[in-house]
Amino acid sequence: MKILMVCLGNICRSPLAHGIMEQMANEQGLNWEIESAGTGDWHVGEAPDRRSIRSAKNHGIDISNQVCRLFRISDFDEYDHIFVMDRSNLSDILAKARNKEDEKKVRLLLGDKIVPDPYYDDAQFEPVFEMIEVGCREIIKQLTTI
Ligand code: 4NP
């Protein structure tokens, strides 16, 4: 299984989703490949936001080696599922879809709820971590139940 986590900047939410999903999948012995990307290019090549690094570290997850990159059309071919954080990520990615197959791969991480952008509010990083954790747990349950 190959999963791509997507947000706007690829420095706050999707790196957390990448790290959390990777750890959960590993703990369950699932041989899943997780990556993340952004729809905006401001931080390409950078490490995750230090507040996301700290939040992950507080939960025993090291995301400091991740490197920000842009979403690319070939990601539709590369990944089985593409999880986005909010509705603008959803419309940005769906706008790049080439066909129904591409579209079917894209879903909100929280199903019908959004993971809000914490970039301008330090206090949002911990709640965002917890929301993403809940979402990842649910996705693992869904994708491992036949
Ligand atoms: P993210 O947060 O989408 O969760 O990575 C953001 C990070 C940076 C910016 C916006 C959102 N920015 O405008 O630089």
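Presented here is a report on the structure given in the accompanying data block. (Residues numbered from 1 in each chain as written. Predicted model: local features only at pLDDT ≥ 70, side-chain atom pairs only at ≥ 80, totals over all residues. Heavy atoms only, no water.)

## Focus on the sheet that holds strand β4 (residues 106–108)
Item 1. What the four strands build is an open sheet, ordered β2-β1-β3-β4; its pairing is parallel. Every interior strand has two partners, whereas the edge strands, β2 (33–38) and β4, have only one. Direction aside, neighbouring strands of the sheet carry axes that sit 25° apart on average.
Item 2. Taken together, the three bridges between strand β3 (residues 81–84) and β4 define a ladder with parallel strand orientation. Each residue of the ladder has a partner; that of F83, found in β4, is R107.
Item 3. In the packing of helix α4 (residues 87–94) onto the sheet, the strands contacted are β1 (2–7), β3 and β4, and the crossing angle to β4 comes to about 175°. (Pairing = 2+ DSSP bridges. Helix = DSSP H or I, 4+ residues; strand = E, 2+ residues; numbered from the N terminus. Axes fitted to C-alpha atoms, helices over the stretch in contact; angles between N-to-C directions. Contact = heavy atoms within 4.5 Å.)

## Thoughts on the pattern of salt bridges
Item 1. Taken as a whole and assessed by the stated rule, the structure comprises 13 salt bridges.
Item 2. K2 is paired through a salt bridge with E78; the nearest N and O atoms lie 2.7 Å apart. Of this pair, K2 sits in strand β1 while E78 is found in helix α3 (residues 75–78), placing the two residues 76 residues apart along the sequence.
Item 3. Residue E103 pairs with K100 through a salt bridge whose shortest N-O separation is 3.5 Å. Of this pair, E103 and K100 both sit in helix α5 (residues 100–104), three residues apart, roughly one helical turn.
Item 4. According to the relative accessible area criterion, E103 is partly exposed, its value standing at 35%.
Item 5. Salt bridges linked by common partners bring K2, E33 and E78 together as one network. (Salt bridge = Lys/Arg side-chain N within 4 Å of Asp/Glu carboxyl O. Buried < 20%, exposed > 50% of the residue type's maximum accessible area, 1.4 Å probe, protein only.)

## Some thoughts on the site of the ligand
Item 1. By nearness alone, every residue bordering the ligand is listed as C7, L8, G9, N10, I11, C12, R13, W42, H43, D117 and Y119.
Item 2. A distance of 2.8 Å is found between an oxygen atom of the ligand and a backbone nitrogen or oxygen belonging to G9.
Item 3. In the environment of the ligand, an oxygen atom lies 3.2 Å from a nitrogen or oxygen atom belonging to the backbone of N10.
Item 4. The protein chains hide 92% of the 350 Å² of surface that the ligand would expose on its own.
Item 5. Classifying every residue of the shell around the ligand by side-chain character gives six nonpolar, three polar and two charged. (Near = heavy atom within 4 Å. Polar contact = N/O pair within 3.5 Å; in protein donor to acceptor, adjacent residues only side chain to side chain. Areas by Shrake-Rupley, 256 points an atom, 1.4 Å probe, with all protein chains shown as cover. Nonpolar A, V, L, I, M, F, W, Y, C, P; charged D, E, K, R; others polar.)

## Some details on the pairing of β2
Item 1. Here β1 pairs with β2 via six bridges, running parallel. Along β2, the bridge assignment pairs L4 with E35.
Item 2. Handedness of the crossover joining β1 and β2 through helix α1 (residues 13–27) is recorded here as right-handed. (Right-handed = clockwise from strand over helix to strand, strands pointing away.)

## Thoughts on the environment of H18
Item 1. Along the chain, the position of H18 falls in helix α1.
Item 2. For the pair H18 and D77, spaced 59 residues apart in the sequence, the C-alpha separation amounts to 19 Å.
Item 3. Beyond its immediate stretch of four places on either side in the chain, H18 contacts M5, I34, E35, S36 and Q66.

So yeah, pure geometry; function would need other evidence.
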